Amino acid sequence: QAKNSLAEWILLRLEHGEPVPGFCDTAFAPVLVNDTVEWILRLAESSCHGVYHVASADHGSKYAFAREVAAVFQLDASLVRESLVQDSSLSAPRPRNTWLRTDKITASLGQPMPTIRQGLEEFRALRENGFCRRLKNAGLPA
């Protein structure tokens, strides 16, 4: 069974009217996997060498991200509750800051990475046209 991304997990909870814990003590730069693939292909086709960060152009807390998911999908943002990683019952430790700088890839390829909002808007469009469902069902026995 396919595992949901963080955005999908948040979205499903919001759609079912369930509260969403949003860590306000973390920072990350989520990027849509479709964008990740596109940018890696651009790098591979270019003359670029070295280490490049492929991430959203901006960053924020998981709390802010969950509220942005609610906004893009026009769902109840009040279901997103501020929480702390240290107070969670997660079995594995989580880093507090995982955002990456994208200035090098932007300068090298001449275009900024998409923002978190742009990625979520693209995710919404992909979901509405059935892409996400088809992708999750790809390769599963009929």
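This write-up is about the structure you can find in this document.

Cut-offs and rules
- Residues numbered from 1 in each chain as written.
- Predicted model: local features only at pLDDT ≥ 70, side-chain atom pairs only at ≥ 80, totals over all residues.
- Heavy atoms only, no water.
- 1 Å grid on protein atoms, 1.4 Å probe; cavity = no way out; pocket = protein on both sides within 12 Å on 5 of 7 lines; lining within 4 Å.
- Points joined across faces, edges and corners; volume = space filled by probe spheres on them.
- Helix = DSSP H or I, 4+ residues; strand = E, 2+ residues; numbered from the N terminus.
- Nonpolar A, V, L, I, M, F, W, Y, C, P; charged D, E, K, R; others polar.
- Phe/Tyr/Trp six-rings, centres within 6.5 Å; stacked < 30°, edge-to-face > 60°.
- Buried < 20%, exposed > 50% of the residue type's maximum accessible area, 1.4 Å probe, protein only.
- Contact = heavy atoms within 4.5 Å.
- Salt bridge = Lys/Arg side-chain N within 4 Å of Asp/Glu carboxyl O.
- Expected span 1.5 Å × (residues − 1).
- Arc of directions from axis to C-beta.

1. Things to note about the layout of surface pockets
Think of a ball as big as a water molecule: rolled over the atoms, this probe shows where empty space is left. In this structure, the largest pocket encloses a volume near 480 Å³. Leu-6, Trp-9, Phe-23, Leu-90 and Arg-94 are, among the 17 residues lining the largest pocket, the residues nearest its centre. Take the lining of the largest pocket: its biggest share by element is four residues, from strand E1 (residues 20-23). Here the residues of the lining of the largest pocket sort into eight nonpolar, five polar and four charged. Approximately 390 Å³ is the volume attributed to the second largest pocket. Forming the boundary of the second largest pocket are 21 residues, of which Ser-5, Ala-7, Leu-32, Val-33 and Phe-123 lie nearest the centre. Those elements giving two or more residues to the lining of the second largest pocket turn out to be helix H1 (6-15), helix H2 (33-45), helix H5 (116-128) and helix H6 (131-137). Of all the elements, H5 adds the most residues to the lining of the second largest pocket, at five residues.

2. Focus on the packing of aromatic side chains
Any pair of aromatic rings gets described here by the distance separating the centres and the angle formed by the planes. Scanning the entire structure with this criterion turns up two aromatic pairs. Between the aromatic rings of Phe-28 and Phe-65, the centroid separation amounts to 5.4 Å while the plane-to-plane angle is 80°, which identifies the pairing as edge-to-face. In this pair, Phe-28 is assigned in the loop between E1 and H2 and Phe-65 in helix H3 (residues 62-72), connecting sequence segments 37 residues apart. For the pair Phe-28 and Phe-65, a shared accessibility class is recorded, and that class is buried.

3. Examining the environment of Pro-114
Among the structural elements, Pro-114 can be located in the loop between helix H4 (103-109) and H5. What makes Pro-114 buried here is its relative accessible area of 14%. Through-space distance from the C-alpha of Pro-114 to that of Leu-32 is 9.0 Å; in sequence the pair is 82 residues apart. With sequence-adjacent residues up to four places away left out, Pro-114 is seen in contact with Asp-35, Trp-39, Ser-56 and Ala-57.

4. Points about the side chain of Thr-102
Examined against the element boundaries, Thr-102 turns out to sit in the loop between strand E2 (80-83) and H4. Non-local contacts of Thr-102, meaning those with residues more than four positions away in its chain, are made with His-53, Ala-55, Ser-56, Ala-57 and Met-113.

5. Some remarks on the pattern of salt bridges
Overall, the coordinates contain eight salt bridges when judged by the stated rule. The partner of Arg-96 in a salt bridge is Asp-25, with the nearest N and O atoms 3.5 Å apart. Highlighted residues: Arg-96 in the loop between E2 and H4 and Asp-25 in the loop between E1 and H2, separated in sequence by 71 residues. Notably, a salt bridge pairs Arg-117 with Glu-68, separated by 2.8 Å at the nearest N-O pair. Note that Arg-117 is positioned in helix H5 and Glu-68 in helix H3, a separation of 49 residues in sequence. Connected through salt bridges with shared partners, the residues Glu-68, Arg-117 and Glu-121 form a single ionic network.

6. Points about H5
Between its first and last C-alpha, H5 extends 18 Å over 13 residues, near the 18 Å set by a 1.5 Å rise per residue. Of all the positions in H5, only Ile-116, Gly-119, Leu-120, Phe-123 and Leu-126 are classed as buried. On an axial view of H5, the arc spanned by its buried residues comes to 120°, and they lie on one face. On its buried face, H5 sits against H1, H2, H3 and H6. Looking one or two residues past H5, Gly-130 carries a phi angle of roughly 85°, positive in sign.

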